[in-house]
Amino acid sequence: MLVNGKQKKLISIRDRGLLYGDGVFRTLLSSRGQALHWPLHYQKIQHDCATLGIACPSNAVLSAELNKLLSQYPDAVLKLIVTRGQGRRGYMPDTHTKPTHIWDVSEHPELPTDAISYGVKVRWCQLRLGTQSRLAGVKHLNRLENVLAAGEVGGEGFEEGLLMDSSGNVISGTRSNLFIVHRGNLITPNLSLCGVSGVQRDRICN
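Residues numbered from 1 in each chain as written. Predicted model: local features only at pLDDT ≥ 70, side-chain atom pairs only at ≥ 80, totals over all residues. Heavy atoms only, no water.

A few points about the pairing of strand S9 (residues 170-173)
Bridge count for strand S8 (residues 160-165) against S9 is three bridges, and the pairing is antiparallel. When the sheet's bridge partners are listed, Met-164 is paired in S9 with Val-170. The antiparallel hairpin formed by S8 and S9 contains four residues in its connecting segment, where Gly-168 sits at a positive phi of about 90°. (Pairing = 2+ DSSP bridges. Helix = DSSP H or I, 4+ residues; strand = E, 2+ residues; numbered from the N terminus.)

Next comes the structure, spelled out in C-alpha cells:
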C-alpha cells in the first residue's frame, strides 16, 4: 500500500475520508505489468474530485506511483483513493486541507468459470437508492447503500443484486453497471440522479 507516495499502511484518524466518506475512489486491473485503461480512470478520478471540490493529484504523480506498483504487482487489482485529507472536527471542509491519496493492491478475484457462457444468478434488492443529482455518477467513499444491498445478495447461489431508485427505476447492480439488449439496441439506465458511472460503461457508450 502507498499513502501519499510512501510505503505504509496507516492514515490519520482525522482523515475526512475515514470520518465522513469525504473522498473518491476508482478500481482498475493490471495485467502483465499494464494498467488497463489508466487514462480513462484518471479522467474519472479527476472529474469526481472536482465535483467534491478536492484537489486531485496530478497525472504525473499518480502515473509514477502506478508504474512503481506495476513493477511489483504486474497482475493485480489496484484501488486508488483520494480523500480531502486531515481536517478539524465538524462537517465544514477546511480550504487549506491537503488531500490524501492511497493505492491499495489486491489479488485478481476468482470469477465463476462458466459466467461468460451461462451468465450469473442475480436477485432484486429491497434497498432503494436515494437520489442526489450533485453526486450522481461519482464514485465517492460513502457507499453504505451498496454495503447494505450487498448484504441482501448472499446465499442461494446469487452473484449480484439489482438496485432501483425510490421511483422504481432500475439503476445498477450493487457493484456493476447494467446493460440490456432490446430488439437489437443496447440500453443502459439513466444515472443523472443516482448510481456510479463506471469506466467500462463509458467505454461501451462511447
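Focus: the side chain of Ser-197
Position of Ser-197 relative to the elements: it lies in the loop between strand S11 (185-187) and helix H6 (199-205). With relative accessibility at 12%, the residue Ser-197 sits in the buried group. Only 2.9 Å separates the side chain of Ser-197 from the side chain of Lys-44, close enough to count as a polar contact. Within the structure, the side chain of Ser-197 is placed 3.2 Å from the side chain of Asp-202, a separation counted as a polar contact. Those residues in contact with Ser-197 that lie beyond four places of it in its chain are Arg-26, Lys-44, Gly-137, Asn-177, Leu-191 and Asp-202. (Buried < 20%, exposed > 50% of the residue type's maximum accessible area, 1.4 Å probe, protein only. Polar contact = N/O pair within 3.5 Å; in protein donor to acceptor, adjacent residues only side chain to side chain. Contact = heavy atoms within 4.5 Å.)

Let's talk about the sheet that holds S9
One open sheet holds the three strands; their spatial order is S7-S8-S9, and the pairing between them is mixed. Looking along the sheet, the strands with just one partner apiece sit at the ends: strand S7 (122-129) and S9. Each adjacent strand pair in this sheet contributes to an overall mean axis angle of 30°, direction not counted. Note that S7 and S8 share five bridges and pair parallel. (Axes fitted to C-alpha atoms, helices over the stretch in contact; angles between N-to-C directions.)

Section: the environment of Arg-143
Within the secondary structure, Arg-143 sits in the loop between S7 and helix H5 (144-150). Sequence separation between Arg-143 and Gly-85 is 58 residues, and the spatial gap between their C-alpha atoms is 18 Å. Setting aside residues no more than four positions away along its own chain, Arg-143 makes contact with Phe-25, Val-138 and Val-196.

Brief notes about the packing of aromatic side chains
For any pair of aromatic rings, the description rests on two quantities: the centre-to-centre distance and the angle between the ring planes. Scanning all chains against the criterion turns up three aromatic pairs. A centroid spacing of 5.2 Å and a plane angle of 65° characterise the contact between Tyr-20 and Tyr-91, whose relative ring orientation is edge-to-face. Within this pair, whereas Tyr-20 is found in helix H1 (residues 16-20), its partner Tyr-91 is found in the loop between strand S5 (76-83) and strand S6 (100-106), the two being separated by 71 residues in sequence. Accessibility expressed as a relative area gives 27% for Tyr-20, which makes it partly exposed. A relative accessible area of 68% places Tyr-91 in the exposed class. Residues Trp-38 and Tyr-42 carry aromatic rings whose centres are separated by 5.9 Å and whose planes lie at 55° to one another, so their mutual orientation is tilted. Residue Trp-38 and its partner Tyr-42 are both found in helix H2 (residues 38-52); the two are separated by four residues, about one turn of the helix. Judged by its relative accessible area of 10%, Trp-38 falls in the buried class. An aromatic cluster is built from Trp-38, Tyr-42 and Trp-103, whose rings are joined through pairwise contacts. Above the ring of Phe-25, the side-chain terminus of Lys-79 is found at 4.6 Å from the ring centroid. (Phe/Tyr/Trp six-rings, centres within 6.5 Å; stacked < 30°, edge-to-face > 60°. Lys NZ or Arg CZ within 6 Å of the ring centre and 35° of its normal.)

A word on the pattern of salt bridges
Per the stated rule, a full pass over the model turns up six salt bridges. Here Asp-48 makes a salt bridge to Arg-26, at a shortest N to O gap of 2.8 Å. Taken together, the residues span a long stretch of sequence, with Asp-48 in helix H2 and Arg-26 in strand S3 (residues 23-31) at a distance of 22 residues. In this structure, Lys-44 engages Asp-202 in a salt bridge whose closest nitrogen and oxygen atoms are separated by 2.6 Å. Within this pair, whereas Lys-44 is found in helix H2, its partner Asp-202 is found in helix H6, the two being separated by 158 residues in sequence. Lys-44 sits in the buried class, given a relative accessible area of 14%. Taking relative accessible area as the criterion, Asp-202 reaches 23% and is therefore assigned partly exposed. (Salt bridge = Lys/Arg side-chain N within 4 Å of Asp/Glu carboxyl O.)

So, the environment of Val-122
As for its position among the elements, Val-122 is in strand S7. Residues within four places of Val-122 in sequence aside, it is in contact with Phe-158, Glu-160 and Leu-162.

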